[in-house]
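What follows is the residue order along each chain.
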Amino acid sequence: MYVIVKNLSFKYKNAKDYQITNFNLEIEKGEIVALLGPSGSGKSTILRLISGLEIPNGGEIIVNNRVLYNKNVFIEPQKRGIGMVFQDYALFPHMTVEKNILFGLEKINKEARQRILDEVLELVDMKEYKKRYPHELSGGQQQRIAIARALAPKPSLLLLDEPFSNLDAGLKKRIRKEIKEILKKSNITSIFVTHDIEDAKDVADRIECHPCEM
Ligand SMILES: Nc1ncnc2c1ncn2[C@@H]1O[C@H](COP(=O)(O)OP(=O)(O)OP(=O)(O)O)[C@@H](O)[C@H]1O
Ligand SMILES: [Mg+2]
């Protein structure tokens with residue numbers, strides 16, 4: 001199994017109750033899993049735990065045979081190789097598309113960076129938009145660039161937190177299809193959070209619910 005999340009539990013420091021108790025999830029390489037659940041059920045928290053932005057109180061997280069968290073191990077978020085697309089703050093507004101995508105890849109040599117840039121822009125079909133600023137793009141185009149940026153460092157796992165929430169209904173339908181195609185083309189393993197069952201059905205190979213009473 002490529003991703004194993006076992007008996008994960010978590011409580012925010014200032015909270016009385018646990019937000020996550022004994023959460024389990026297993027994902028095969030290349031699979032797109034939708035994490036579906038009502039508002040406040042802890043979906044974003046689960047993504048934050050997997051990416052290392054929060055420290056669990058117990059359990060285990062393993063990706064590609066590498067332990068990212070257990071009772072003895074905590075790998076820092078920047079060392080996990082996990083990409084994340086958030087619902088807001090998707091792009092840096094003062095940077096062009098090109099700069100947004102290459103942000104964080106400064107250590108790589110110039111030719112390789114250029115190659116990665118072309119590759120991910122090709123993948124999201126946005127090659128002509130390198131020099132544009134985010135406000136010069138439509139909502140859907142911004143989301144595609146956000147995905148391109150998350151894919152540029154070649155993450156082992158991609159986490160998407162309600163990536164369609166800012167889009168109108170018509171655009172949303174089209175973007176769902178596009179995102180699925182992009183994820184499948186890059187063969188990346190991904191977890192995609194939504195509270196919309198139609199999103200989940202359209203994009204995911206498999207639906208996991210949280211909490212699971214469905
Ligand atoms: N930083 C925080 N400190 C304390 N409690 C928090 C914090 N962030 C979230 N919570 C609480 O944890 C619970 C889970 O929140 P989370 O954001 O994971 O839900 P969600 O399923 O992503 O909801 P939505 O669909 O509305 O995005 C909520 O009750 C929320 O109020
Ligand atoms: Mg959320």
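Attention here is on the structure that accompanies the text. Source: prediction; values computed, not measured.

1. Notes on the nonpolar core
Moving on, step 1. One finds I101, I145, L151 and L158 to be the most contacted residues of the largest nonpolar core, which totals 40 residues.
Moving on, step 2. Of all the secondary structure elements, the ones that give two or more residues to this core are strand 3 (32-36), helix 2 (97-102), helix 3 (110-123), helix 4 (139-151), strand 8 (157-161), helix 5 (169-186) and helix 6 (197-203).
Moving on, step 3. Ranked by residues supplied to this core, first place goes to helix 4 with 6 residues.
Moving on, step 4. Beyond its immediate sequence surroundings of up to four residues, L158 is in contact with G83, M84, V85, A150, L151, L183, I188, T189, S190 and I191.
Moving on, step 5. Ranked by size, the runner-up nonpolar core spans 26 residues in total, among them I20, V33, Y69 and M84.

2. Points about the pattern of salt bridges
Moving on, step 1. Per the stated rule, a full pass over the model turns up 18 salt bridges.
Moving on, step 2. Here R176 ties to D199 by a salt bridge, and the two come within 2.7 Å at their closest N and O atoms. Taken as a pair, R176 in helix 5 and D199 in helix 6 lie far apart in primary sequence, 23 residues in all. D199 shares its class with R176; the two are buried.
Moving on, step 3. Here R206 makes a salt bridge to E208, at a shortest N to O gap of 2.6 Å.
Moving on, step 4. Using a relative accessible area of 25% as the deciding quantity, one classes R206 as partly exposed.

3. Section: the site of ligand 1
Moving on, step 1. Residues in contact with ligand 1, as listed here, are Y12, N14, Q19, P38, S39, G40, S41, G42, K43, S44, T45 and E162.
Moving on, step 2. In the environment of ligand 1, a nitrogen atom lies 3.4 Å from a nitrogen or oxygen atom belonging to the side chain of N14.
Moving on, step 3. G42 is positioned such that a nitrogen or oxygen atom in its backbone is 2.9 Å from an oxygen atom of ligand 1.
Moving on, step 4. When isolated, ligand 1 has an accessible area of 640 Å², and the protein chains bury 61% of it.

4. Comments concerning the environment of S51
Moving on, step 1. In this structure, S51 sits in helix 1 (residues 43-51).
Moving on, step 2. Classification of S51 by relative accessible area gives buried; the value is 8%.
Moving on, step 3. Counting along the chain gives 29 residues from S51 to R80, while the straight-line C-alpha distance between them is 7.1 Å.
Moving on, step 4. Discounting chain neighbours no more than four positions away, the residues touching S51 are P77, R80, I82, M84 and L159.
Moving on, step 5. There is a polar contact of 3.3 Å between the side chain of S51 and the backbone oxygen of R48.

Reading the values: rules and limits
- Residues numbered from 1 in each chain as written.
- Chains lettered and ligands numbered in written order.
- Predicted model: local features only at pLDDT ≥ 70, side-chain atom pairs only at ≥ 80, totals over all residues.
- Heavy atoms only, no water.
- Core = buried A, V, L, I, M, F, W, Y, C linked by side-chain atoms within 4.5 Å.
- Buried < 20%, exposed > 50% of the residue type's maximum accessible area, 1.4 Å probe, protein only.
- Helix = DSSP H or I, 4+ residues; strand = E, 2+ residues; numbered from the N terminus.
- Contact = heavy atoms within 4.5 Å.
- Salt bridge = Lys/Arg side-chain N within 4 Å of Asp/Glu carboxyl O.
- Near = heavy atom within 4 Å.
- Polar contact = N/O pair within 3.5 Å; in protein donor to acceptor, adjacent residues only side chain to side chain.
- Areas by Shrake-Rupley, 256 points an atom, 1.4 Å probe, with all protein chains shown as cover.

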